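For reference, the chains in residue letters:
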Amino acid sequence: MSASNFLLVGLSSEVAVPPDIAEHLALRATSAEVPGPRPDEALALELYGIDLSFGGVVALKDVDLSVRHGEIRAIIGPNGAGKSSLINVISGVYKPDRGHVAINGAAYRPVPTQKLAKLGIARTFQNLALFKGLSVLDNVAAGRAYAGRSNFLSQIIGLPHARREQTDARERARRVIDFLHLTPYLDRLAGTLPYGLQKRVELARALAAEPRILLLDEPMAGMTATEKNELADYVRLARDEYAITVVLIEHDIGVVMGLSDRIAVLDYGRKIADGTPEEIASDQRVIDAYLGVPPENEDGEGI
Ligand SMILES: Nc1ncnc2c1ncn2[C@@H]1O[C@H](COP(=O)(O)OP(=O)(O)OP(=O)(O)O)[C@@H](O)[C@H]1O
(Lines give C-alpha, C1' and ligand atoms only; values in the text may rest on other atoms or scores of the structure.)
Protein backbone atom coordinates (compact mmCIF):
# COMPACT_ATOMS: atom_id res chain seq x y z
CA MET A 1 0.00 0.00 0.00
CA SER A 2 1.41 3.40 -0.93
CA ALA A 3 1.90 6.04 1.69
CA SER A 4 -1.00 8.10 0.35
CA ASN A 5 -3.33 5.08 0.30
CA PHE A 6 -2.44 4.37 3.87
CA LEU A 7 -3.20 7.93 4.84
CA LEU A 8 -6.55 7.94 3.06
CA VAL A 9 -7.60 4.65 4.65
CA GLY A 10 -6.56 6.02 8.01
CA LEU A 11 -8.50 9.20 7.46
CA SER A 12 -11.70 7.58 6.30
CA SER A 13 -11.91 5.58 9.49
CA GLU A 14 -11.13 8.58 11.66
CA VAL A 15 -13.00 11.61 10.41
CA ALA A 16 -15.37 12.51 7.59
CA VAL A 17 -13.21 14.55 5.24
CA PRO A 18 -14.26 15.46 1.67
CA PRO A 19 -12.15 13.56 -0.91
CA ASP A 20 -10.44 16.71 -2.19
CA ILE A 21 -9.30 17.49 1.29
CA ALA A 22 -8.47 13.93 2.25
CA GLU A 23 -6.11 13.84 -0.70
CA HIS A 24 -3.93 16.38 1.03
CA LEU A 25 -4.22 15.34 4.61
CA ALA A 26 -2.07 12.98 6.61
CA LEU A 27 -2.87 11.53 9.98
CA ARG A 28 -0.90 13.26 12.67
CA ALA A 29 -0.19 9.85 14.20
CA THR A 30 2.02 9.01 11.20
CA SER A 31 4.63 11.49 12.37
CA ALA A 32 6.85 10.24 15.15
CA GLU A 33 8.79 13.49 15.25
CA VAL A 34 6.65 15.31 17.79
CA PRO A 35 4.34 12.88 19.54
CA GLY A 36 1.74 15.42 20.54
CA PRO A 37 -1.88 14.96 21.57
CA ARG A 38 -4.39 13.74 18.96
CA PRO A 39 -5.82 16.54 16.83
CA ASP A 40 -9.01 17.95 18.28
CA GLU A 41 -11.93 17.80 15.83
CA ALA A 42 -13.63 20.59 17.70
CA LEU A 43 -10.89 22.94 16.49
CA ALA A 44 -10.79 24.54 13.07
CA LEU A 45 -7.04 24.80 13.16
CA GLU A 46 -4.37 23.49 15.47
CA LEU A 47 -0.63 24.03 15.46
CA TYR A 48 1.58 22.05 17.72
CA GLY A 49 5.29 22.43 18.53
CA ILE A 50 6.14 24.45 15.43
CA ASP A 51 9.83 25.25 14.86
CA LEU A 52 11.03 27.15 11.81
CA SER A 53 14.41 28.66 11.10
CA PHE A 54 16.16 30.27 8.18
CA GLY A 55 19.82 29.32 8.34
CA GLY A 56 20.83 30.48 11.80
CA VAL A 57 17.77 32.72 12.26
CA VAL A 58 15.08 31.21 14.45
CA ALA A 59 11.72 32.47 13.17
CA LEU A 60 9.47 30.21 15.30
CA LYS A 61 10.26 28.14 18.37
CA ASP A 62 7.89 25.54 19.80
CA VAL A 63 4.74 27.46 18.90
CA ASP A 64 1.31 26.00 19.70
CA LEU A 65 -1.90 27.62 18.49
CA SER A 66 -5.51 26.51 18.63
CA VAL A 67 -8.30 28.16 16.67
CA ARG A 68 -11.95 27.37 17.34
CA HIS A 69 -14.58 27.20 14.62
CA GLY A 70 -16.04 30.63 13.92
CA GLU A 71 -13.45 32.42 15.97
CA ILE A 72 -11.60 35.60 15.03
CA ARG A 73 -8.10 34.78 16.17
CA ALA A 74 -5.31 37.32 16.03
CA ILE A 75 -1.57 36.79 16.10
CA ILE A 76 0.32 39.89 17.13
CA GLY A 77 3.89 40.74 18.05
CA PRO A 78 6.65 43.26 17.42
CA ASN A 79 8.60 43.42 14.12
CA GLY A 80 10.39 40.16 13.37
CA ALA A 81 8.41 38.26 16.03
CA GLY A 82 7.46 35.50 13.57
CA LYS A 83 3.89 36.45 12.62
CA SER A 84 4.33 36.17 8.86
CA SER A 85 6.33 32.98 9.28
CA LEU A 86 3.47 31.46 11.25
CA ILE A 87 0.82 32.40 8.70
CA ASN A 88 3.09 31.05 5.98
CA VAL A 89 3.35 27.75 7.85
CA ILE A 90 -0.45 27.62 8.14
CA SER A 91 -0.89 28.36 4.45
CA GLY A 92 1.75 25.87 3.41
CA VAL A 93 4.26 28.38 2.05
CA TYR A 94 6.84 27.23 4.62
CA LYS A 95 7.24 23.68 5.81
CA PRO A 96 8.09 23.74 9.52
CA ASP A 97 11.33 22.08 10.67
CA ARG A 98 9.34 20.41 13.42
CA GLY A 99 5.74 20.24 14.60
CA HIS A 100 2.28 19.68 13.15
CA VAL A 101 -0.62 21.56 11.66
CA ALA A 102 -4.13 20.06 11.82
CA ILE A 103 -7.28 21.29 10.11
CA ASN A 104 -10.66 20.16 11.43
CA GLY A 105 -9.00 17.47 13.49
CA ALA A 106 -6.88 15.96 10.72
CA ALA A 107 -3.21 16.66 10.19
CA TYR A 108 -2.26 18.72 7.21
CA ARG A 109 0.63 18.52 4.83
CA PRO A 110 1.74 21.77 3.16
CA VAL A 111 0.26 22.17 -0.33
CA PRO A 112 1.01 24.65 -3.13
CA THR A 113 -0.80 27.95 -2.62
CA GLN A 114 -3.13 27.40 -5.59
CA LYS A 115 -4.45 24.24 -3.90
CA LEU A 116 -5.25 25.96 -0.62
CA ALA A 117 -8.77 26.88 -1.76
CA LYS A 118 -9.62 23.22 -2.20
CA LEU A 119 -8.72 22.71 1.45
CA GLY A 120 -11.15 25.43 2.46
CA ILE A 121 -8.44 28.00 3.16
CA ALA A 122 -8.17 31.44 1.58
CA ARG A 123 -5.68 34.14 2.36
CA THR A 124 -4.86 37.74 1.69
CA PHE A 125 -1.35 39.11 1.45
CA GLN A 126 0.57 41.78 3.34
CA ASN A 127 1.38 43.54 0.07
CA LEU A 128 -1.64 43.81 -2.18
CA ALA A 129 -1.74 40.98 -4.67
CA LEU A 130 -4.59 42.14 -6.91
CA PHE A 131 -4.54 42.07 -10.70
CA LYS A 132 -4.36 45.83 -11.00
CA GLY A 133 -5.25 45.86 -14.72
CA LEU A 134 -8.41 43.79 -14.22
CA SER A 135 -11.82 44.97 -13.05
CA VAL A 136 -12.99 44.49 -9.49
CA LEU A 137 -15.43 41.83 -10.73
CA ASP A 138 -12.71 39.89 -12.55
CA ASN A 139 -10.41 40.05 -9.53
CA VAL A 140 -13.07 38.74 -7.17
CA ALA A 141 -14.22 36.07 -9.64
CA ALA A 142 -10.59 34.92 -9.88
CA GLY A 143 -10.75 34.06 -6.18
CA ARG A 144 -13.69 31.78 -6.88
CA ALA A 145 -11.98 30.21 -9.89
CA TYR A 146 -9.24 28.81 -7.64
CA ALA A 147 -11.86 26.89 -5.71
CA GLY A 148 -13.40 25.41 -8.86
CA ARG A 149 -12.80 21.91 -10.15
CA SER A 150 -12.03 22.62 -13.80
CA ASN A 151 -8.43 23.10 -14.80
CA PHE A 152 -6.91 25.93 -16.79
CA LEU A 153 -6.97 23.98 -20.08
CA SER A 154 -10.66 23.12 -19.88
CA GLN A 155 -11.41 26.78 -19.15
CA ILE A 156 -9.44 27.90 -22.24
CA ILE A 157 -11.09 25.28 -24.44
CA GLY A 158 -14.45 26.29 -22.98
CA LEU A 159 -15.70 22.86 -21.92
CA PRO A 160 -19.31 23.03 -20.65
CA HIS A 161 -18.51 22.34 -16.99
CA ALA A 162 -15.72 24.94 -17.12
CA ARG A 163 -18.10 27.52 -18.64
CA ARG A 164 -20.68 26.74 -15.95
CA GLU A 165 -18.03 27.21 -13.28
CA GLN A 166 -17.04 30.57 -14.74
CA THR A 167 -20.66 31.73 -14.69
CA ASP A 168 -21.04 30.51 -11.11
CA ALA A 169 -17.79 32.27 -10.17
CA ARG A 170 -19.07 35.59 -11.49
CA GLU A 171 -22.42 35.21 -9.74
CA ARG A 172 -20.75 34.38 -6.49
CA ALA A 173 -18.32 37.27 -6.99
CA ARG A 174 -21.22 39.70 -7.53
CA ARG A 175 -22.89 38.54 -4.30
CA VAL A 176 -19.69 39.01 -2.29
CA ILE A 177 -19.04 42.40 -3.94
CA ASP A 178 -22.54 43.47 -2.99
CA PHE A 179 -22.09 42.19 0.57
CA LEU A 180 -18.92 44.29 0.95
CA HIS A 181 -20.59 47.35 -0.62
CA LEU A 182 -18.24 47.35 -3.59
CA THR A 183 -20.93 47.28 -6.31
CA PRO A 184 -20.31 50.91 -7.40
CA TYR A 185 -16.74 49.86 -8.29
CA LEU A 186 -17.64 46.61 -10.07
CA ASP A 187 -16.18 47.62 -13.46
CA ARG A 188 -13.36 49.80 -12.19
CA LEU A 189 -9.80 48.59 -12.71
CA ALA A 190 -8.62 47.44 -9.29
CA GLY A 191 -5.38 49.42 -9.57
CA THR A 192 -7.26 52.72 -9.88
CA LEU A 193 -9.07 52.38 -6.54
CA PRO A 194 -7.93 54.04 -3.32
CA TYR A 195 -5.78 51.76 -1.17
CA GLY A 196 -8.46 51.07 1.46
CA LEU A 197 -10.90 49.90 -1.22
CA GLN A 198 -8.25 47.71 -2.83
CA LYS A 199 -7.80 45.97 0.52
CA ARG A 200 -11.55 45.41 0.66
CA VAL A 201 -11.47 43.95 -2.87
CA GLU A 202 -8.76 41.59 -1.66
CA LEU A 203 -11.04 40.51 1.18
CA ALA A 204 -13.85 40.00 -1.34
CA ARG A 205 -11.61 37.88 -3.53
CA ALA A 206 -10.68 35.67 -0.58
CA LEU A 207 -14.36 35.32 0.44
CA ALA A 208 -15.36 34.41 -3.11
CA ALA A 209 -13.44 31.17 -2.67
CA GLU A 210 -15.98 30.21 0.03
CA PRO A 211 -13.29 29.39 2.56
CA ARG A 212 -13.91 27.79 5.91
CA ILE A 213 -10.72 29.39 7.21
CA LEU A 214 -9.69 32.88 6.16
CA LEU A 215 -6.09 33.98 6.75
CA LEU A 216 -5.54 37.74 6.74
CA ASP A 217 -1.94 38.92 6.55
CA GLU A 218 -1.81 42.45 7.99
CA PRO A 219 -5.13 43.41 6.40
CA MET A 220 -5.01 46.94 7.82
CA ALA A 221 -1.40 47.83 7.02
CA GLY A 222 -1.08 51.30 5.53
CA MET A 223 -4.70 52.26 6.21
CA THR A 224 -6.10 55.33 7.92
CA ALA A 225 -7.83 54.83 11.27
CA THR A 226 -11.25 55.16 9.59
CA GLU A 227 -10.38 52.60 6.91
CA LYS A 228 -9.09 50.20 9.58
CA ASN A 229 -12.31 50.40 11.59
CA GLU A 230 -14.35 49.96 8.42
CA LEU A 231 -12.42 46.87 7.37
CA ALA A 232 -12.62 45.46 10.91
CA ASP A 233 -16.42 45.79 10.70
CA TYR A 234 -16.43 43.97 7.35
CA VAL A 235 -14.27 41.16 8.72
CA ARG A 236 -16.68 40.69 11.62
CA LEU A 237 -19.70 40.81 9.31
CA ALA A 238 -18.08 38.29 6.95
CA ARG A 239 -17.39 35.91 9.82
CA ASP A 240 -21.04 36.11 10.88
CA GLU A 241 -22.54 35.93 7.37
CA TYR A 242 -20.37 33.12 6.00
CA ALA A 243 -19.74 31.28 9.29
CA ILE A 244 -16.00 31.24 8.70
CA THR A 245 -13.01 31.09 11.00
CA VAL A 246 -10.64 34.04 10.73
CA VAL A 247 -6.95 34.11 11.59
CA LEU A 248 -5.26 37.46 11.21
CA ILE A 249 -1.89 38.97 11.88
CA GLU A 250 -1.85 42.66 12.52
CA HIS A 251 0.40 45.37 13.90
CA ASP A 252 -2.33 47.67 15.15
CA ILE A 253 -3.08 46.39 18.63
CA GLY A 254 -6.02 48.72 19.07
CA VAL A 255 -7.86 47.28 16.07
CA VAL A 256 -7.00 43.74 17.10
CA MET A 257 -8.30 44.23 20.63
CA GLY A 258 -11.67 45.36 19.33
CA LEU A 259 -11.97 42.71 16.64
CA SER A 260 -10.60 39.45 18.01
CA ASP A 261 -12.07 36.78 20.23
CA ARG A 262 -8.62 35.56 21.28
CA ILE A 263 -5.11 36.84 20.69
CA ALA A 264 -1.77 35.02 20.61
CA VAL A 265 1.34 37.13 21.12
CA LEU A 266 4.69 36.23 19.57
CA ASP A 267 8.04 37.68 20.54
CA TYR A 268 11.38 36.51 19.12
CA GLY A 269 9.62 33.51 17.56
CA ARG A 270 8.07 32.27 20.80
CA LYS A 271 4.48 32.55 21.95
CA ILE A 272 4.61 34.63 25.12
CA ALA A 273 0.89 35.05 25.78
CA ASP A 274 -2.47 33.77 24.60
CA GLY A 275 -5.93 34.80 25.72
CA THR A 276 -8.85 37.17 25.42
CA PRO A 277 -8.18 40.83 24.58
CA GLU A 278 -8.66 41.70 28.26
CA GLU A 279 -6.14 39.07 29.38
CA ILE A 280 -3.61 40.18 26.77
CA ALA A 281 -3.98 43.87 27.61
CA SER A 282 -3.02 43.23 31.21
CA ASP A 283 -0.24 40.69 30.56
CA GLN A 284 3.10 42.05 31.77
CA ARG A 285 5.15 40.05 29.22
CA VAL A 286 3.13 41.57 26.41
CA ILE A 287 3.53 45.06 27.79
CA ASP A 288 7.30 44.48 28.12
CA ALA A 289 7.58 43.08 24.58
CA TYR A 290 5.87 46.12 23.13
CA LEU A 291 7.83 48.55 25.28
CA GLY A 292 11.06 46.90 24.13
CA VAL A 293 12.28 45.27 27.34
CA PRO A 294 15.06 42.85 26.27
CA PRO A 295 14.45 39.09 26.63
CA GLU A 296 15.95 37.26 29.58
CA ASN A 297 19.10 35.23 29.10
CA GLU A 298 19.37 31.63 30.20
CA ASP A 299 20.15 32.65 33.77
CA GLY A 300 16.91 34.55 33.89
CA GLU A 301 18.66 37.91 33.87
CA GLY A 302 18.01 40.71 31.46
CA ILE A 303 20.60 40.97 28.66
N1 LIG B 1 12.54 34.14 4.03
C2 LIG B 1 13.30 34.44 5.07
N3 LIG B 1 14.65 34.33 5.03
C4 LIG B 1 15.41 34.62 6.09
N5 LIG B 1 14.93 35.05 7.26
C6 LIG B 1 13.60 35.22 7.36
C7 LIG B 1 12.71 34.93 6.28
N8 LIG B 1 11.44 35.19 6.68
C9 LIG B 1 11.53 35.62 7.95
N10 LIG B 1 12.82 35.65 8.35
C11 LIG B 1 13.31 36.03 9.69
O12 LIG B 1 12.51 35.35 10.63
C13 LIG B 1 12.18 36.21 11.72
C14 LIG B 1 10.67 36.33 11.82
O15 LIG B 1 10.22 37.09 10.68
P16 LIG B 1 8.68 37.31 10.32
O17 LIG B 1 8.65 38.05 9.04
O18 LIG B 1 7.96 36.05 10.44
O19 LIG B 1 8.26 38.29 11.51
P20 LIG B 1 7.00 39.25 11.60
O21 LIG B 1 6.53 39.20 13.01
O22 LIG B 1 6.02 38.93 10.55
O23 LIG B 1 7.68 40.66 11.30
P24 LIG B 1 7.02 41.98 10.65
O25 LIG B 1 5.97 42.44 11.61
O26 LIG B 1 8.18 42.93 10.58
O27 LIG B 1 6.46 41.59 9.31
C28 LIG B 1 12.90 37.52 11.46
O29 LIG B 1 14.13 37.49 12.15
C30 LIG B 1 13.10 37.51 9.96
O31 LIG B 1 14.24 38.27 9.63
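For every chain, the first residue of its written sequence is number 1, and the numbers climb from 1 along that sequence. Residue-level local features of this predicted model are given only where pLDDT is at least 70; pairs of side-chain atoms are given and counted only at 80 or more, and the full residue set underlies all totals for whole chains, interfaces and linings.

Looking at an unreviewed UniProt entry, the chain carries the name ABC transporter ATP-binding protein, with the source organism given as Shinella curvata.

J.: Which residues make up the overall build of the chain, and what values go with them?
T.: Assigned secondary structure in the chain consists of 11 helices and 10 strands. Buried positions account for 40% of the 303 residues belonging to the chain. Excluding contacts between residues fewer than 6 apart, the proportion of contacts in the chain whose partners are at least 24 apart in sequence is 68%. By the criteria applied, helices consist of DSSP H or I runs no shorter than four residues and strands consist of E runs no shorter than two, each listed in order from the N terminus. Residues with at least 20 other C-beta atoms within 10 Å of their own are called buried, those with 12 or fewer are called exposed, and the rest are partly exposed. The C-beta atoms themselves are positioned from the backbone. Each residue gets a C-beta atom placed from its backbone, and two residues are in contact if those atoms lie within 7 Å.

J.: Describe helix 7 (residues 195-208), naming the residues involved and giving the relevant values.
T.: Any helix carries an expected span of 1.5 Å times its number of residues minus one. For helix 7, which comprises 14 residues, the first-to-last C-alpha distance of 20 Å matches the rise-based estimate of 20 Å (1.5 Å per residue) to within 8%. Of all 14 residues that make up helix 7, 11 are buried, and the element is covered over most of its length. Within the span of helix 7, buried status applies to Leu 197, Lys 199, Arg 200, Val 201, Glu 202, Leu 203, Ala 204, Arg 205, Ala 206, Leu 207 and Ala 208. Immediately beyond the C-terminal end of helix 7, within one or two residues, lies Glu 210, with a positive phi of roughly 50°.

J.: Any details on the sheet that holds strand 4 (residues 98-103)? Residues and values, ideally.
T.: Whether two strands pair comes down to DSSP finding at least two bridges between them. Read from one edge to the other, the open sheet built from four strands follows the order 2-1-4-5, with strand pairing classed as antiparallel. Whereas interior strands pair on both sides, the edge strands pair on one side only; in this sheet they are strand 2 (57-68) and strand 5 (106-107). As defined by bridge partners, strand 4 adjoins strand 5 across two bridges and the pair is classed as antiparallel. Following the sheet pairing, Ile 103 is matched in strand 5 by Ala 106.

J.: Which residues make up unusual backbone geometry, and what values do they have?
T.: Not every positive phi belongs to a glycine, and His 181 is a case in point at roughly 55°. Along the chain, His 181 falls in the loop between helix 6 (160-179) and helix 7. Using a count of 13 C-beta atoms within 10 Å as the deciding quantity, one classes His 181 as partly exposed. A positive phi is found at Glu 210, a non-glycine position, where the angle reads about 50°. Turning to its location among the elements, Glu 210 is positioned in the loop between helix 7 and strand 7 (213-217).

J.: I'd like to hear about the environment of Glu 41, residue by residue, with values.
T.: Turning to its location among the elements, Glu 41 is positioned in the loop between helix 2 (19-22) and strand 1 (43-54). As a C-alpha pair, Glu 41 and Asn 104 span 63 residues in sequence and 5.1 Å in three-dimensional space.

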